[in-house]
Amino acid sequence: MFDFFKMIHYKTSSEVEIMRESALLVSKTLAAVAEMLRPGISTLEVDAFAEQFILDHGAIPSFKNYKGFPFTCCISVNDAVVHGFPSDRKLQNGDLVSVDAGVFKNGYHGDSAYTFAIGEVSDEVKKLMRVTKDALQLGVEKAIAGNRVGDISFAVQDHAERKHKYGVVRELVGHGLGRKLHEDPQVPNYGKRGSGPKLNDGLVIAIEPMINMGVKEVWYDDDGWTVRTKDGLPAAHYEHTVCVRRGKADVLSSFAEIEAAEKANPALCADY
Ligand code: MG
Ligand code: MG
């Protein structure tokens with residue numbers, strides 16, 4: 001099915017299975033990253049590892065060279081919300097690290113992100129992680145046929161902003177994906193219930209709350225990519241690739257392996 005006006009591409013069941021393979025490879029990559037994260041490792045080392053891991057699994061990193069982005073992963077530390085450049089800065093105890101990756105395999109993209117805490121972090125940071133992850137889950141629960149994009153947006157915003165007084169980033173949004181990394185529709189993390197494009201069976205979208213502990217405002221670093229919180233407080237980012245279905249969303253990526261690796265790695269805080 002093809003909607004000429006909104007340019008929305010609905011996926012067939014066989015396309016969805018190909019996309020599941022891509023999305024699960026991202027999950028596997030993030031789980032492998034979870035095993036290696038520790039104080040003293042640089043985010044460039046993490047990025048190089050992820051790139052090789054993706055290539056070794058017969059896929060291409062989606063982000064590398066996308067609109068000139070020079071790395072495999074976006075690695076956003078502390079006040080960096082998303083699109084962080086990997087660097088030679090070594091991770092330290094107390095860092096909050098969001099890793100976002102995408103892979104292109106068999107002609108389709110998968111996209112997922114996860115936020116990790118290195119060593120000990122404050123209760124406030126743990127709460128930010130939990131609330132952002134819960135907001136993603138609440139959004140996923142609205143990704144059912146017959147709803148509208150605004151139902152997802154509202155669920156995320158209501159939980160993070162109204163209930164927990166966090167800042168919901170406005171400048172960046174979730175998105176459709178498939179043969180292209182970014183397809184219609186946009187999936188904002190803020191909005192009104194019952195508004196926006198209709199969600200139909202076979203629509204694949206990335207739902208990705210970007211939640212700031214403080215104000216919602218952000219600024220772009222000198223590198224032209226890294227998005228940082230205006231007040232310097234930390235931000236969290238979790239993302240799933242999700243297929244809209246009747247009755248219940250089909251989450252194509254998975255956090256199961258990442259969470260297991262997070263728990264097994266003594267250098268990460270898994271209790272949040
Ligand atoms: Mg992503
Ligand atoms: Mg995305």
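Relevant structure appears above.
Description of the structure in this document. Bear in mind the structure is a predicted one, so any value in this text is a computation, not a measurement.

Right, let's talk about the coordination of the magnesium ion (ligand 1) for a bit. Around the magnesium ion (ligand 1), the donor atoms from the protein are Asp-100 (OD), Asp-100 (OD), Asp-111 (OD) and Glu-239 (OE), and they sit 2.0 to 2.6 Å away. When the donors of the magnesium ion (ligand 1) are listed by position in the chain, the intervening gaps give D-x10-D-x127-E. In this structure, the magnesium ion (ligand 1) lies 3.1 Å away from the magnesium ion (ligand 2), the two metals sharing Asp-111 as a donor. Of this pair, Asp-111 sits in strand 7 (residues 108-118) while Glu-239 sits in the loop between strand 15 (235-237) and strand 16 (240-243), placing them 128 residues apart in sequence. Accessibility classification places Asp-111 together with Glu-239 in one group, the buried group.

In the case of a regular strand, side chains alternate between the two sheet surfaces. Of all 5 residues that make up strand 4 (residues 73-77), 5 are buried, and the element is covered over most of its length. Taking every second residue as pointing to the same face, both faces of strand 4 are buried, with Cys-73, Ile-75 and Val-77 on one and Cys-74 and Ser-76 on the other. Pairing between strand 4 and strand 6 (residues 96-105): 5 bridges, direction antiparallel. Of the residues in strand 6, the one forming a bridge with Cys-74 is Asp-100.

In the first shell of the magnesium ion (ligand 2), the protein supplies Asp-111 (OD), His-175 (NE2), Glu-208 (OE) and Glu-239 (OE), at 2.1 to 2.3 Å from the metal. Binding-site remark: the magnesium ion (ligand 2) is held by donors from one chain whose sequence spacing is D-x63-H-x32-E-x30-E.

Looking now at the pattern of salt bridges. With the rule as written, the count across this model stands at 14 salt bridges. Asp-158 is the partner of Arg-162 in a salt bridge, and the nearest nitrogen-oxygen pair spans 2.5 Å. With a gap of 4 residues between them, Arg-162 and Asp-158 both fall in helix 4 (residues 149-163), about one helical turn apart. A salt bridge links Glu-161 to Arg-170, with the shortest nitrogen-to-oxygen separation between them at 3.0 Å. Using a relative accessible area of 26% as the deciding quantity, one classes Arg-170 as partly exposed. The network of salt bridges with common partners includes Glu-17, Arg-20 and Asp-250.

Of the pockets and cavities examined, the largest pocket occupies roughly 450 Å³. Around the largest pocket, the lining comprises 24 residues; the ones closest to its centre are Tyr-66, His-83, Leu-172, His-175 and His-182. At the level of elements, strand 9 (174-176) and strand 10 (183-187) are the ones that each hand at least two residues to the lining of the largest pocket. Counting residues per element, the lining of the largest pocket draws most heavily on strand 10, which supplies 3 residues. Class assignment of the residues belonging to the lining of the largest pocket gives a composition of 10 nonpolar, 6 polar and 8 charged. The calculated volume of the second largest pocket comes to roughly 180 Å³. If you go around the second largest pocket, you meet 14 residues; those closest to its centre are Ile-75, Val-77, Phe-85, Ser-87 and Arg-228. Looking at the lining of the second largest pocket, the element that brings in the most residues is strand 4, giving 3 residues. Broken down by class, the residue content of the lining of the second largest pocket amounts to 5 nonpolar, 5 polar and 4 charged.

Rules used throughout
- Residues numbered from 1 in each chain as written.
- Chains lettered and ligands numbered in written order.
- Predicted model: local features only at pLDDT ≥ 70, side-chain atom pairs only at ≥ 80, totals over all residues.
- Heavy atoms only, no water.
- Donors = N, O, S within 2.8 Å, 3.2 Å for Na, K, Ca; no water.
- Helix = DSSP H or I, 4+ residues; strand = E, 2+ residues; numbered from the N terminus.
- Buried < 20%, exposed > 50% of the residue type's maximum accessible area, 1.4 Å probe, protein only.
- Pairing = 2+ DSSP bridges.
- Salt bridge = Lys/Arg side-chain N within 4 Å of Asp/Glu carboxyl O.
- 1 Å grid on protein atoms, 1.4 Å probe; cavity = no way out; pocket = protein on both sides within 12 Å on 5 of 7 lines; lining within 4 Å.
- Points joined across faces, edges and corners; volume = space filled by probe spheres on them.
- Nonpolar A, V, L, I, M, F, W, Y, C, P; charged D, E, K, R; others polar.

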